[in-house]
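Breakdown of the fold
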Amino acid sequence: MAVADAGAMAIVHATNGIYSYGSTYYVLYPTSGDTADYALGVANATVAMTMELPAGGFLGFDPWVSHIEGIVTESWVGVRAMAVEVIRRYGIHS
């Protein structure tokens, strides 16, 4: 949760964008066998998460072309902050 919090707070500070975070089951929808499960269960990752980008467009996940750059820029702020937090908490292991 601390890693997700770092990403969400970085986005708030940079863009005033609001991202919810928590268990995928409770925040998004029930899933099983997704990439986060694989990362933790098979690849032995220390941290795994699912990030869902803002909805848009006609079908919900097909943003207008004019919005893509803003979504990428905002998302990158959060991804970068989460990576920094993972390194701070868990270090880099090869």
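Refer to the structure presented above.
Attention here is on the structure that accompanies the text. These figures come from a predicted structure and were not determined experimentally. (Residues numbered from 1 in each chain as written. Predicted model: local features only at pLDDT ≥ 70, side-chain atom pairs only at ≥ 80, totals over all residues. Heavy atoms only, no water.)

1. Brief notes about unusual backbone geometry
Rules: Helix and strand assignments follow DSSP, with helices taken as H or I runs no shorter than four residues and strands as E runs no shorter than two, numbered in order from the N terminus. Under the scheme applied here, a residue whose accessible area is under 20% of the maximum for its type counts as buried, over 50% as exposed, and between as partly exposed, the area being computed with a 1.4 Å probe on protein chains only.
Positioned with a positive phi, N16 is a non-glycine residue whose angle comes to about 65°. Assignment of secondary structure puts N16 in the loop between α1 (2-15) and α2 (24-27). Take N16: its relative accessible area is 63%, and that puts it in the exposed class. Positive phi is not limited to glycine here, since N44 has a value of about 55°.

2. Details of the side chain of S75
Here is the rule: Side-chain atoms alone can form a polar contact between residues adjacent in sequence; in general such a contact is a pair of N or O atoms within 3.5 Å, and within protein one must be able to donate a hydrogen while the other accepts it. Throughout, a contact is declared for two residues whenever any of their heavy atoms are within 4.5 Å.
Mapped onto the fold, S75 is located in helix α4 (residues 65-90). Overall, S75 belongs to the buried group, its relative accessible area being 7%. Here I71 takes part through its backbone oxygen, which lies 2.8 Å from a polar atom of the side chain of S75. Leave out the neighbours within four places in its chain, and S75 touches Y19, M51 and L53.

3. Some words on the side chain of E74
As for its position among the elements, E74 is in helix α4. A polar atom in the side chain of E74 sits 3.2 Å from the side chain of Y19. Setting aside residues no more than four positions away along its own chain, E74 makes contact with I11, T15, G17, Y19 and P54.

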